[in-house]
Amino acid sequence: MASTLKLSQLPVGARATIREFPGHGPAFLRLREMGVLPGTAITLMRTAPLGDPLEVRVRGYNLTLRKSEAEHVVVELAGGQ
Amino acid sequence: MHLSGARVMTEFVQKPAGPGRSPVYALVGNPNCGKSTLFNALTGLKQKVGNYPGVTVEKKIGTTYSQHGRPITVIDLPGTYSLAARSPDEAIVRDVLFGRRADIAQPDRIICIVDTTNLERNLYLVHQVLDLGRPVILVLNMMDLATNAGLDLRVARLEHELGIPVIPCEAVNSKGVLELRLAMSRADLPLPRHRWDIPAPIAPAVAELQASLVENDGKQPLIARAEALLLLTDQNPVRVAGSMPLSERTSAILAGWKKRWEGEGVDWSGTLVKSRYDAITRLCAEVVQRAASTGPGASDRIDSVVVHPLWGWLVLGAIMTVLFLSIFTLAEYPMNWIDAQVATLGAWVKGVMPPGDLRDLITDGAIAGVGGVVVFLPQILILFFFLGLLESTGYMARAAFIMDRLMSRVGLNGKSFIPLLSSYACAIPGIMATRTIEDTKDRLVTILVAPLMSCSARLPVYLLMIAALLPGDRVSVGAKVGLMLLMYALGTFGAFGFAWLFKKYLLKGEPPLMIMELPPYRLPRMKDVLFHMLERAGLFLRRAGTIILGISIVLWFLTAYPRHPGSATPQEQIAHSFAGTAGRVLEPVIKPLGFDWRIGIGLVTSFAAREVFVSSMAVVFSVDHFEGGKHADITPLRTALKAAIWPDGRPLFTPLVCLTLMIYYVFAMQCMSTVVVVKRETNSWRWPLFQTAYMTGTAWLVCFVVFQGGRTLGF
């Protein structure tokens, strides 16, 4: 069974694959357009000093998003098959 | 309907531009891809910076020359990740490229610049631009960095796959700029012939919308197809003044399809984005021989300190301390110099011209007014130099990242932090720096509260009042510093309180996004930083200077007229003037705050700038030989203030009144330059007037409570 969890729950440094997230809302369209799509590999680099927002690495670059958005992104831990 | 690639090459080759007109190029690219550097390298100083009518988005147009010396116009569009716009800046990119604006013609050709170290995401925008049916030149910027990271790219293959010229480039070293210029000089440029598959469920909708756009909106077939694709990608398009709306028929078709898909559970926009990325991934598989190493690079190592839970705050604090120390120490010399030069010039004119109204208009009105504008320049220059440095190194994004959580408490995002912080030095550059905030409402809220941060012009007022409040040397420095800090804290809390209030009730909006790229750290390029700094300063002078000069002359007129009959002292003159009358008219309003009409004169005249209050008080209370300026000896003035009394003999400047007056200056909008800059940045008088009203209203209310409360308590 694949271990899926929310992106906001991913431990720092963990690598995962995005499984699904909502199709609607400006945040999610922009995330898609910046290359964050179901199937994309994502690494949680760190959180900001106060715990929010998060910094992730996708397609070779670093991106920030808030926990409130990351809660809606379902990921699967790499090697979690 | 799919683009039939084979036909494209033979039939749609762009006709050579006519003899009278060279092609107009638009330059587009993601943020942080080196677009401005390339634009500067192409056009040098031949740039015109203006505004798109009705929106505060910068319009930058430059001229470069073809290999045969013919001028070529280049429009530098704001950086964007997508044509599905989320901010006014991005909406301008979309509208210009789609030829939706009446004030600027659709560019003939497009230069797309990408950061080669980050190819996939950068190609998304390129992919959208390729659909537009215009000749495109692709510039692969930062080729050196990509090669160093291990990337091996088959440029010729990429050129072949896209059917357009592809030019490797290092804009910072001007490498590749010559090749780009040669490509731009070509009389004929091919149209892109990149093919990608529009997902089957969406293809019929694209075809129908395209046909309707051709028929009902007068679009050309290729651009109509691109527009149809964008309409289906964008979920909630941002509209800006000056963009043409869709025809009713096309809107109806779009709404029909969306309704149908919603019923069927088709995620049309997500599917379209995904198929573009699929095409990009396939393309990259063809052209990238060896991918760049994606391990933790130097940037990640720097970030492990710079955004560290503990060190991060220290670094932020250190950078901000250096910034403020340099503003306060470095700016002081040129500011004093400017003050001195203005005074010398005024004295010289007074000496050579016969006394009279014209002489006074020139010296006390015009020269003093110009001085009042120019004196801001050192601070603005230094602040923008630092902001440019922070931006081009990549630290700005980190500061926003660190501060986002705190800013989100009042409904803003981390990007408001730097503009608000800059406002402690001077609200003008702070407000000008809000242009980096994409969300219109967030930007407006930041502009509205920025002047509440205690700027350097309040310092002379605070210092004078503290001196009057706590006279003599017996008082500990601690009490003085504590009082000063209290004023800064009041302003800061005020700013955040009002930001919260405005976001909650006045400018309600979706919570701002914090989807932001953290670009790799890069060494700043001094030429670009200095260029940016001079550009900002020039904008301030051109846009605000003339109005500020006008208001200065009006304020001078108010103190100089009507003339006191006979020979009058400056004190008698100002009491007799319109400003004196205004003070007396104001007295009933400000009496509940403990202020009399003479303080009222100071409030009126210091609308020019807060520090003018000090020199006005010197005139009103007849302190001879008062020099003014930051280092003026305020002891005689303090003594005069202490001696000032109400007609019934009560002292005027009681400690409570001094405190109230300081609080008044914390909140009141006493700065015409800020008002003018806000007008320029919001494109209407509505917001600066609202801002003046709410700030000064708050000042009155708080002062009323403090003064009346203090009196009740027996102070």
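Small disclaimer: the values here were computed from a predicted structure and weren't measured. Numbers given to residues run from 1 along each chain, matching the order in which its sequence is written. Each chain gets a letter, beginning with A, and each ligand a number, beginning with 1, in the order they are written. Under the rules for a predicted model, residues below a pLDDT of 70 receive no local features and side-chain atom pairs below 80 are neither given nor counted, while totals for whole chains, interfaces and linings still include all residues.

A. Geometry of the overall build of chain B. Strands are runs of DSSP state E lasting at least 2 residues, helices are runs of H or I lasting at least 4, and numbering of each runs from the N terminus. On a plain count of helices and strands, chain B comes out with 31 helices and 10 strands. The reference for a compact globule is 2.2 Å times residues^0.38; the radius of gyration itself is calculated from the C-alpha atoms. Against the 2.2 N^0.38 benchmark of 27 Å for 715 residues, chain B shows a C-alpha radius of gyration of 30 Å, consistent with a compact globule. The buried share among the 715 residues of chain B stands at 46%. Contacts spanning at least 24 positions in sequence make up 73% of the contacts within chain B whose residues lie at least 6 apart. Residues with at least 20 other C-beta atoms within 10 Å of their own are called buried, those with 12 or fewer are called exposed, and the rest are partly exposed. The C-beta atoms themselves are positioned from the backbone. Contact between two residues is assigned whenever their backbone-derived C-beta positions fall within 7 Å.

B. Fine view of the interface of chain B and chain A. If you look at the interface, chain B gives 33 residues, while chain A gives 28 residues. Grouping the constituent residues of the side of chain B that touches chain A by class yields 17 nonpolar, eight polar and eight charged. Any residue that is not Ala, Val, Leu, Ile, Met, Phe, Trp, Tyr, Cys, Pro, Asp, Glu, Lys or Arg is counted as polar, Gly included; the first ten are nonpolar and the last four charged.

C. Examining helix α10 (residues 248-264) of chain B more closely. Residue and element names in this part refer to chain B. Taking 1.5 Å per residue as the helical rise, α10 with its 17 residues ought to reach 24 Å, and the 24 Å between its terminal C-alpha atoms agrees with that figure. Of all the positions in α10, only T250, I253 and W257 are classed as buried. What you see down the axis of α10 is that its buried residues fit within an arc of 60°, all on one side. Opposite the buried face of α10, by more than 90 degrees, sit the exposed residues E248, A255, G256, K259, E262 and G263. Where α10 ends, the next residue or the one after it, G265, has phi of about 75°, a positive value. Every helix has an expected span of 1.5 Å times one less than the residues it contains. In this description, the arc belongs to the directions extending from the helix axis to the C-beta atoms.

D. Geometry of helix α21 (residues 459-469) of chain B. Residues and elements named next belong to chain B. Extensive coverage of α21 is indicated by the burial of eight of its 11 residues. Looking only at α21, the buried set comprises P460, V461, Y462, L464, M465, I466, A468 and L469. Against α22 (477-506), α27 (612-620), α28 (635-643) and α29 (655-667) lie the buried residues of α21.

E. Representation of the domain arrangement of chain B. Residue and element names in this part refer to chain B. Marked domain ranges trace back to an automatic or database domain assignment. For chain B, the assigned domains read domain 1 (5-197) and domain 2 (297-715). The distance between the C-alpha centroids of domain 1 and domain 2 comes to 42 Å. Facing 13 residues of domain 1, the contacting portion of domain 2 comprises 12 residues. Where the side of domain 1 that touches domain 2 is concerned, the elements lending two or more residues are α2 (35-43) and α3 (88-97). With three residues, α2 is the largest single contributor of residues to the side of domain 1 that touches domain 2. Of the residues in the side of domain 1 that touches domain 2, the class split is four nonpolar, seven polar and two charged.

F. Layout of the confidence of the model for chain A. Note on scores: pLDDT gives the predictor's confidence for each residue, bounded by 0 and 100. The predicted model of chain A averages 89 in pLDDT, with 94% of residues at 70 or higher. The element-level mean pLDDT for chain A is lowest in helix α1 (residues 26-33) of chain A, coming to 88, with strand β4 (residues 54-58) of chain A highest at 94.

G. Layout of the confidence of the model for chain B. Residue and element names in this part refer to chain B. Here chain B averages 85 in pLDDT, while 94% of its residues score no lower than 70. Low pLDDT (under 50) marks residues 1-18, which in the prediction has 25 contacts with non-local residues, meaning those over four places away or in another chain. This complex was scored by the predictor with a pTM of 0.84 and an ipTM of 0.94.

H. Highlighting the environment of V36 of chain A. All names here are of chain A. For V36, the location among the structural elements is in the loop between α1 and β3 (41-47). Taking the C-alpha atoms as reference, V36 lies 6.9 Å from V58; in sequence the two are 22 residues apart. Discounting chain neighbours no more than four positions away, the residues touching V36 are I18, L31, I42 and V58.

I. Broad picture of the environment of V373 of chain B. Residue and element names in this part refer to chain B. By secondary structure assignment, the location of V373 is in helix α15 (residues 357-374). Under the C-beta neighbour-count criterion, V373 is labelled buried, with 20 such atoms within 10 Å. Ignoring sequence-local partners within four residues, the contact set of V373 consists of G545, I548 and L549.

J. Focus on the environment of R290 of chain B. All names here are of chain B. Among the secondary structure elements, R290 is positioned in strand β9 (residues 288-290). Sequence separation between R290 and L153 is 137 residues; the distance between their C-alpha atoms is 7.3 Å. With residues near it in sequence (within four places) discarded, R290 still touches G150, L151 and D152.

K. Focus on the nonpolar core. Residues and elements named next belong to chain B. Ranked by size, the top nonpolar core spans 224 residues in total, and within it C112, L138 and V139 carry the most contacts. Sorting elements by how many residues they give to this core places α29 first, with 10 residues. Counting contributing residues, this core receives three or more from each of domain 1 (5-197) and domain 2 (297-715). Beyond its immediate stretch of four places on either side in the chain, L138 contacts C112, V114, V126, L162, I164 and V166. Note on definitions: a nonpolar core is a set of buried residues drawn from Ala, Val, Leu, Ile, Met, Phe, Trp, Tyr and Cys, linked by C-beta atoms within 7 Å.

L. Just the pairing of strand β5 (residues 61-65) of chain A, in detail. Here β5 of chain A lies mainly inside the structure; five of its five residues are buried. With burial as the criterion, each face of β5 of chain A is covered, one bearing Y61, L63 and L65 of chain A and the other bearing N62 and T64 of chain A. Each pair of strands is called paired provided DSSP finds at least two bridges between the two strands. Connecting the antiparallel pair β4 of chain A and β5 of chain A is a turn made up of two residues, with R59 of chain A showing a positive phi of about 45°. Strand direction decides the pairing type here: β5 of chain A and strand β10 (residues 516-518) of chain B, joined by three bridges, are antiparallel. Of the residues in β10 of chain B, the one forming a bridge with L63 of chain A is E517 of chain B.

M. A look at the sheet that holds strand β6 (residues 74-77) of chain A. Here seven strands make up an open sheet; going across it, the order is β1(A)-β6(A)-β2(A)-β3(A)-β4(A)-β5(A)-β10(B) and the pairing antiparallel. Because the sheet does not close on itself, it has two edges, and the strands there are β1 (4-6) of chain A together with β10 of chain B. Neighbour-to-neighbour, the strand axes of the sheet open up by a mean angle of 45°, direction not taken into account. Bridge count between β4 of chain A and β5 of chain A: five bridges; the pairing is antiparallel. In the sheet register, R57 of chain A faces β5 of chain A, and the bridge partner there is N62 of chain A. In this description, a line fitted to the C-alpha atoms serves as the axis of each element, helices being fitted only across the stretch in contact, and the angle between N-to-C directions of two axes falls anywhere from 0 to 180 degrees.

N. Region of the structure containing the sheet that holds strand β8 (residues 166-168) of chain B. Residues and elements named next belong to chain B. With respect to topology, seven strands assemble into an open sheet ordered β2-β3-β4-β1-β5-β6-β8, the strand pairing being mixed. Unpaired on one side and paired on the other, β2 (47-51) and β8 mark the two borders of the sheet. Adjacent strand axes in the sheet meet at a mean angle of 25° when their direction is disregarded. Where strand β6 (residues 136-141) meets β8, three bridges bridge the pair, whose relative direction is parallel. Of the residues in β8, the one forming a bridge with L140 is P168. Against the sheet, helix α6 (residues 155-162) makes contact with β6 and β8, and its axis sits at roughly 155° relative to β8, the strand it touches most.

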